[in-house]
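Summary of the model geometry
Each chain, letter by letter, is given below.
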Amino acid sequence: MDCVFCGIIRGDIPSKKVYEDDTVLAFRDINPEAPVHILVVPKDHIASADMIDTTNSEIIAHIFEVIPQIAKDEDLTGGYRVITNVGPDGGQSVPHLHFHILGGAKLPIHMGV
Ligand code: AMP
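Notes on the structure in this doc start here.

The rules behind each value
Residues numbered from 1 in each chain as written. Predicted model: local features only at pLDDT ≥ 70, side-chain atom pairs only at ≥ 80, totals over all residues. Heavy atoms only, no water. Near = heavy atom within 4 Å. Polar contact = N/O pair within 3.5 Å; in protein donor to acceptor, adjacent residues only side chain to side chain. Areas by Shrake-Rupley, 256 points an atom, 1.4 Å probe, with all protein chains shown as cover. 1 Å grid on protein atoms, 1.4 Å probe; cavity = no way out; pocket = protein on both sides within 12 Å on 5 of 7 lines; lining within 4 Å. Sits in = over half its atoms within 2 Å of the grid points. Helix = DSSP H or I, 4+ residues; strand = E, 2+ residues; numbered from the N terminus. Nonpolar A, V, L, I, M, F, W, Y, C, P; charged D, E, K, R; others polar. Contact = heavy atoms within 4.5 Å. Points joined across faces, edges and corners; volume = space filled by probe spheres on them.

1. Thoughts on the site of the ligand
For the ligand, the set of nearby residues contains 16 residues, the closest of which are Asp29, Asn85, Ser93, His98 and His100. Within the backbone of Ile30, an N or O atom sits 3.1 Å from a nitrogen atom of the ligand. A distance of 2.8 Å separates an oxygen atom of the ligand from a polar side-chain atom of Asn85. In isolation the ligand exposes 510 Å². Once the protein is present, 85% of that is buried. One can see that the ligand is located within the largest pocket. Elements that contribute at least two residues to the shell around the ligand include exactly helix 1 (4-10) and strand 2 (24-28). Here the element with the most residues in the shell around the ligand is helix 1; it accounts for three residues. In the shell around the ligand, the residues fall into seven nonpolar, seven polar and two charged.

2. Quick notes on the environment of Lys16
Following the sequence through the fold, Lys16 ends up in the loop between helix 1 and strand 1 (17-20). Each C-alpha atom, one on Lys16 and one on Ala26, is 8.5 Å from the other, the two residues being ten residues apart in sequence. Discounting residues that sit within four places of it in the chain, Lys16 has contacts with Ala26, Phe27 and Arg28.

3. Some details on the layout of surface pockets
Each pocket or cavity is described by its volume, and for the largest pocket that value is around 490 Å³. Lining the largest pocket are 27 residues, with Arg28, Asp29, Ile30, Asn31 and Leu39 sitting closest to its centre. The set of elements that each furnish at least two residues to the lining of the largest pocket consists of helix 1, strand 2 and strand 3 (36-42). When grouped by side-chain class, the residues that make up the lining of the largest pocket number 14 nonpolar, nine polar and four charged.

Structure representation (structure tokens):
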């Protein structure tokens, strides 16, 4: 499967990793929209948040345990934003589930990625 994030997970495509465990990888976005812009992805290929169900929701819960750890490591004490885009109408450009962590500045209210 030609998936850029699967390539990053395999190590075939370089990335700036900030967190890794058995099921989750986080790395810096190649085109940052904020001083801190990190993508958190499940290592299993899940196409988008629209594919979350009882068979994979444990990994999603784990991602939301990891996100505060990353925010702490990145010193995002003033807060941050977590975004996932779903499908073409939602602005998803990479069809592998990912959560954007944006922070390091006061973000515009309606800012998306
Ligand atoms: P989305 O538009 O929500 O699907 O977000 C995809 C994100 O992946 C964009 O913010 C891209 O800048 C980012 N991206 C695409 N390719 C890479 C890559 N090789 N390494 C890091 N980030 C990437």
